[in-house]
Amino acid sequence: MPIKILSYLSNDRLSSSSINEWLYTVLLVLGIWIFTADDFKSDKAFNARGLVFLILAVCCDASCAVYEEKCFFRVKDPSSVQEVITFSSLWGSCYGVSVLMMSPTLFEAIRFARHHIYVTPFILLSALSGFLSLVLILTVVKLYGATEAEIIKSLRRLCTMLTSFVFFKKHMGMYHIAGIVLVMIGTSRSFKLSQKRV
C-alpha cells in the first residue's frame, strides 16, 4: 500500500493507476493483515510496537523504490542498473568501513574469523546473495516499476515466513491460509495488469 500511495503522490502513475490496481493492492494488504492476525490472536508475547516498526520499515523501503524509479530510471537520460549499483556500493562501502574502523570489536572479529576459517565462505556467500538481490530488484524497478519490485519483495518475505512454518513446525491456522490466498490473488492479478501495461 505505501508504494501505491507514494507512486500516486509522486505523479508517476497518476494517469495509469486504475481502480483494479488499487483493489488488488488492497487485497494484498488485507491478505498480509489476515495472515498476521493469526499470530496476534495466538501469541501472548505479541507486541504492537513491532508492528509499528514493521510499517515504518515498509514505508522507508517503498520510498526508496519510488525514488529509484523516478530519479534514476524515469528521466530523460536514465542511468543503467550498473551505474546505480556502483554508486550505491561506493557510498555503502565508505559508510561501512568508517563504522567498522570505529567499532571496538573489529580486532575481536578478525581474531574470530582467523580461528574459525569456515565462517569466511558463509560471509562471502551472504555478500554475494545480497549483491544479486540488489541487481535483480533494481532491474525489476527499471523494467517494470517500483510497485512490481515491491510485490516481488513482499512475496519473498511471505515465502520466508512459510518456510519458517516448515522448519519450526509451527501450526498453520485458517487466518494464515486465508491470508496466503488473498496475497496470491492480489499478486497474480497485479502482475496481469502490469503485463497489459508493458
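Structure report, in brief.

Here is what the cut-offs are and how they apply
Residues numbered from 1 in each chain as written. Predicted model: local features only at pLDDT ≥ 70, side-chain atom pairs only at ≥ 80, totals over all residues. Heavy atoms only, no water. Helix = DSSP H or I, 4+ residues; strand = E, 2+ residues; numbered from the N terminus. Buried < 20%, exposed > 50% of the residue type's maximum accessible area, 1.4 Å probe, protein only. Contact = heavy atoms within 4.5 Å. Areas by Shrake-Rupley, 256 points an atom, 1.4 Å probe, with all protein chains shown as cover. Core = buried A, V, L, I, M, F, W, Y, C linked by side-chain atoms within 4.5 Å. Phe/Tyr/Trp six-rings, centres within 6.5 Å; stacked < 30°, edge-to-face > 60°. Salt bridge = Lys/Arg side-chain N within 4 Å of Asp/Glu carboxyl O. Expected span 1.5 Å × (residues − 1). Axes fitted to C-alpha atoms, helices over the stretch in contact; angles between N-to-C directions. Parallel < 35°, antiparallel > 145°, perpendicular 65-115°, else oblique. Left-handed = near helix turned anticlockwise from the far one by under 90°. Nonpolar A, V, L, I, M, F, W, Y, C, P; charged D, E, K, R; others polar.

### Digging into the overall build of the protein chain
When you go through the protein chain residue by residue, the secondary structure sums to eight helices and zero strands. Sequence-ordered secondary structure for the protein chain, helices as α and strands as β, is α-α-α-α-α-α-α-α. For the protein chain, the proportion of its 198 residues judged to be buried stands at 27%. Summarising the internal contacts of the protein chain: among those between residues at least 6 apart in sequence, 77% fall at separations of at least 24. Surface accessibility of the protein chain: about 13700 Å² in total, with carbon and sulfur atoms responsible for 72%.

### Quick word on the nonpolar core
Membership of the largest hydrophobic core is limited to nine residues, which are Phe-73, Val-81, Val-84, Ile-85, Ile-137, Leu-138, Val-140, Val-141 and Ala-149. Among the secondary structure elements, those contributing two or more residues to this core are helix H4 (81–102) and helix H6 (119–143). For this core, the element with the highest residue contribution is H6, accounting for four residues. Discounting residues that sit within four places of it in the chain, Ala-149 has contacts with Ile-137, Val-140 and Val-141. Membership of the second largest hydrophobic core comes to seven residues, among which are Leu-28, Phe-35, Ile-151 and Ile-180.

### Considering the packing of aromatic side chains
Note on aromatic pairs: each is described by the distance of the centres and the angle between the planes. This model, assessed by the stated rule, comprises three aromatic pairs. On the basis of an interplanar angle of 70 degrees and a centroid distance of 6.4 Å, the ring pair of Phe-72 and Phe-73 is categorised as edge-to-face. Joined through ring pairs, the aromatic side chains of Tyr-67, Phe-72 and Phe-73 make up one cluster.

### Digging into the pattern of salt bridges
Using the criterion set out here, one finds one salt bridge in the structure. In this structure, Arg-74 and Glu-69 form a salt bridge, with 3.5 Å as the shortest nitrogen-oxygen distance. Under the relative-accessibility criterion, Arg-74 is labelled partly exposed at 40%. Relative accessible area serves as the criterion here: at 3%, Glu-69 is assigned to the buried category.

### Observations regarding H6
Taking 1.5 Å per residue as the helical rise, H6 with its 25 residues ought to reach 36 Å, and the 36 Å between its terminal C-alpha atoms agrees with that figure. Directly beyond the C-terminal end of H6, a positive phi value near 125 degrees is found at Gly-145.

### Some words on helix H7 (residues 146–167)
End to end, H7 covers 32 Å across 22 residues, agreeing with the expected 32 Å (1.5 Å per residue, within 8%). Looking one or two residues beyond H7, the residue adopting positive phi is Lys-169, at roughly 50 degrees.

### Topic: the packing of H4 against H6
The contact between H4 and H6 brings their axes to 10 Å, and the two run at 135 degrees. With respect to H6, the axis of H4 lies oblique. Our pair here, H4 against H6, has a crossing hand that is right-handed. Contacts between H4 and H6 pair Val-81, Val-84 and Ile-85 from the former with Phe-131, Leu-134, Val-135, Leu-138, Thr-139 and Lys-142 from the latter. Looking at the contact of H4 with H6 residue by residue, the class counts come to seven nonpolar, one polar and one charged.

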